[in-house]
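Secondary and tertiary structure notes
Residues per chain, in single letters:
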Amino acid sequence: MKFSKQEQPLSSEPHRILVTGGAGFIGSNFVHHWCKQYPDDRVVVLDALTYAGNRNNLAELEGLQNFRFVQGDICDRVLVDTLLQEEAIDTVAHFAAESHVDRSILGPDAFIRTNVVGTFTLLESFRHHWERRNRPENARFLHVSTDEVYGSLDPDDHPFTETTPYAPNSPYSASKAGSDHLARAYYHTYGLPTIITNCSNNYGPYHFPEKLIPLTCINVLLGKALPIYGDGQNIRDWLYVGDHCRALDAVIHRGVPSETYNIGGNNEVKNIDLVHMLCELMNELAPHLPVHPSQKLITFVKDRPGHDRRYAIDATKAKTELGWTPAETLERGLRQTIEWYLAHRDWWQPLLSEEYQAYYRQVYA
Ligand code: NAD
Ligand code: TYD
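Now for a quick tour of the structure. As the structure is a prediction and not an experimental result, all values here were calculated from the model.

Around ligand 2 lies a shell of 17 residues, among which E148, R236, R304, H307 and Y364 are the nearest. Between an oxygen atom of ligand 2 and a side-chain N or O atom of R304, the distance comes to 2.5 Å.

Below, the structure written as structure tokens:
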């Protein structure tokens, strides 16, 4: 059996699902999850293949009859209209975004374009498609968002709930907040069955090297400095990407249109402690490290401007209403992640391109 009783989908009717950003980190994990769990569903991926998108993430699925990959931009209204219609899409799972805070500080333009205008384009196209098909009951627009829209917590604050007021602090989180408001408004104004999820920091396979966990693993393997912003006391709530995908599955099958669900890992850790954990595990799992023990590489660097101090998610609603809880402990999830990076050098090495090095110099110079 694939699901516990509480996790059974409401309907076994096959879906026809459009996954935007399906060649990125979470999107590709979600596509793998979906194709495995629901082989009868049609899965169409729309992805622009920006620096963060990688068609290799989906290589194992390319031959499947029910799978299609389309390279294209979510801001391209004609393309989105055509895809929704010719594939008779009933469900949109919207992951496509510019997703890295440091890049949003260097250049916010692309964040406004993709995250705000792109989400608007998808909503507007899906609304017309849904109205033309006489508003089918099973239609869903899942908008995947972030806990960063809620701003920063003090040490003693209660974790974010679905009613925490929005207070985004970076161009990235502000653009995601804008897109959340659009998804909400499309339900309230037009009745479009949108659902929003706000999740904490994900980690796992296919994570682009610029983010803290893959960056640390890769730099340890290369014997490069491990940059910690500021005093390293910032806290994040780490969620294993496989747990996140199970939560999104539950939201699509059992979530209520117009609702928001917070999804978190119950793993609040200070950055410096996380990097120490990673170093310990790398010392144990990776043979012949250039610098041993790898903790010697830890280097405190200039803080990120506007760096949020603490994020934490209260995922009670997802537990009580969807029957979802995260299954991975941080230790086990990090171990699996490190093992994946050790076994997939051929995946991450080509991503350290000249373009990536130029970005790296800009942030860490
Ligand atoms: P990612 O950067 O790894 O992937 C984004 C994908 O979107 C890439 O494949 C990219 O090519 C594609 N894309 C970008 N612009 C596009 C456009 N204009 N048209 C079509 N495709 C485009 O991001 P991720 O980490 O997988 O995040 C997925 C979603 O989850 C995002 O909406 C992000 O805001 C949200 N989120 C991520 C995290 C996290 O920890 N990674 C946490 C909370 C929320
Ligand atoms: P990141 O993975 O960029 O996710 P987010 O900013 O969306 O939370 O960063 C996670 C935390 O790690 C965040 O507090 C910033 C910090 N960080 C560093 O200390 N050094 C780094 O090189 C990076 C990329 C992040």
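Viewed as axis vectors pointing N to C, helix α6 (residues 212–222) and helix α10 (residues 330–343) meet at an angle of 50°, and their least axial separation amounts to 11 Å. Judged by the angle between their axes, α6 and α10 are oblique. Where α6 crosses over α10, the two elements pack in a sense that is right-handed. Of α10, the residues touching α6 (which contributes I213, P214, C217, I218 and L221) are L334, T337, I338, Y341 and L342. Along the lines of polarity and charge, the residues of the contact of α6 with α10 split into 9 nonpolar, 1 polar and no charged.

Turning next to the sheet that holds strand β2 (residues 42–47). Pairing between sheet strands relies on hydrogen bonds along the backbone, with the strands arranged either parallel or antiparallel. Read from one edge to the other, the open sheet built from 7 strands follows the order β3-β2-β1-β4-β5-β6-β11, with strand pairing classed as parallel. Each having just a single partner strand, β3 (67–71) and β11 (260–263) make up the two edges of the open sheet. Strand-to-strand twist of the sheet, defined as the mean angle between neighbouring strand axes without regard to direction, takes the value 20°. Sheet analysis places strand β5 (residues 140–146) next to strand β6 (residues 194–199), joined by 6 bridges and oriented parallel. Paired with V144 across the two strands is T197, which belongs to β6. Across the sheet, helix α5 (residues 171–190) is in contact with β5 and β6; its angle to β5 comes to roughly 155°.

Moving on, we come to the site of ligand 1. Taken together, the neighbourhood of ligand 1 is formed by 29 residues, with I26, D47, S99, Y172 and K176 sitting nearest. Between ligand 1 and I26, the relevant distance is 2.7 Å, taken from an oxygen atom to a main-chain nitrogen or oxygen of the residue. With the chains in place, 96% of the 840 Å² that ligand 1 exposes on its own is no longer accessible. Every element with two or more residues in the shell around ligand 1 is listed here: α1 (25–37), β5 and α5. Looking at side-chain class alone, the shell around ligand 1 contains 13 nonpolar, 13 polar and 3 charged residues.

A word on the packing of helix α4 (residues 109–132) against α5. Between α4 and α5, whose axes approach to 8 Å, the crossing angle comes to 15°. Here α4 lies roughly parallel to α5, going by the angle between them. In the crossing of α4 with α5, the sense of the turn from one axis to the other is right-handed. In this structure, α4 contributes F111, I112, N115, V116, T119, F120, L123, E124, R127 and W130 to the contact, and α5 contributes Y172, S175, K176, S179, L182, A183, Y186 and Y190.

Attention now goes to the side chain of N267. Relative to the assigned elements, N267 resides in the loop between β11 and β12 (268–270). By relative accessible area, N267 is classed as buried at 14%. Contacts of N267, omitting those with residues within four sequence positions, involve R236, D237, W238, E328 and L330.

Throughout the structure, instances matching the rule amount to 20 salt bridges. With its nearest N and O atoms 2.8 Å apart, the salt bridge here joins D73 to R113. In this pair, D73 sits in the loop between β3 and α2 (77–86) while R113 sits in helix α4, placing the two residues 40 residues apart along the sequence. On the basis of relative accessible area, D73 is assigned to the partly exposed category, the value being 25%. In this structure R113 comes out as partly exposed when scored by relative accessible area, which is 40%. In this structure, the salt-bridge partner of R335 is E331, at a minimum N-O distance of 3.6 Å. Here the residue R335 and the residue E331 both occupy positions in helix α10, the gap between them amounting to 4 residues, near one helical turn. Take R335: its relative accessible area is 23%, and that puts it in the partly exposed class. Via salt bridges that share partners, R16, R42, R68, E86 and E87 belong to a single interconnected network.

Time to look at α4. Look at α4: 33 Å from first C-alpha to last across 24 residues, which is about the 34 Å you get at 1.5 Å a residue. The principal kink in α4, of about 25°, is found at G118.

Turning next to the nonpolar core. With 74 residues, the main nonpolar core has F30, V31, V43 and F67 as its most contacted residues. The residues contacting V43, other than those within four sequence positions of it, are I17, V19, V31, W34, C35, N66, F67 and R68. In terms of nonpolar packing, the next biggest core, distinct from the first, is built from 19 residues, L46, I74, V92 and L123 among them.

What follows covers the packing of aromatic side chains. Aromatic ring pairs: the centre-centre distance and the angle between the two ring planes describe each pair. On inspection of all chains with the given rule, the structure shows 22 aromatic pairs. Plain terms: the ring middles of F126 and F141 are 5.9 Å apart, the flat faces sit at 50° to each other, and that makes the pair tilted. In this pair, F126 sits in helix α4 while F141 sits in strand β5, placing the two residues 15 residues apart along the sequence. Residues F126 and F141 agree in their burial class; the two are buried. An angle of 45° between the planes, with centres 6.4 Å apart, marks the rings of F160 and Y311 as tilted. Of this pair, F160 sits in the loop between β5 and α5 while Y311 sits in the loop between β13 (298–301) and α9 (316–322), and the two are 151 residues apart along the sequence. Y311 matches F160 in its accessibility class, with the two residues each being buried. Taken together, the ring pairs connect Y51, F208, Y229, Y356, Y359, Y360 and Y364 into an aromatic cluster.

Parameters and conventions
Residues numbered from 1 in each chain as written. Chains lettered and ligands numbered in written order. Predicted model: local features only at pLDDT ≥ 70, side-chain atom pairs only at ≥ 80, totals over all residues. Heavy atoms only, no water. Near = heavy atom within 4 Å. Polar contact = N/O pair within 3.5 Å; in protein donor to acceptor, adjacent residues only side chain to side chain. Axes fitted to C-alpha atoms, helices over the stretch in contact; angles between N-to-C directions. Helix = DSSP H or I, 4+ residues; strand = E, 2+ residues; numbered from the N terminus. Parallel < 35°, antiparallel > 145°, perpendicular 65-115°, else oblique. Left-handed = near helix turned anticlockwise from the far one by under 90°. Contact = heavy atoms within 4.5 Å. Nonpolar A, V, L, I, M, F, W, Y, C, P; charged D, E, K, R; others polar. Pairing = 2+ DSSP bridges. Areas by Shrake-Rupley, 256 points an atom, 1.4 Å probe, with all protein chains shown as cover. Buried < 20%, exposed > 50% of the residue type's maximum accessible area, 1.4 Å probe, protein only. Salt bridge = Lys/Arg side-chain N within 4 Å of Asp/Glu carboxyl O. Expected span 1.5 Å × (residues − 1). Bend = angle between axes of the 7 residues up to and from the residue. Core = buried A, V, L, I, M, F, W, Y, C linked by side-chain atoms within 4.5 Å. Phe/Tyr/Trp six-rings, centres within 6.5 Å; stacked < 30°, edge-to-face > 60°.

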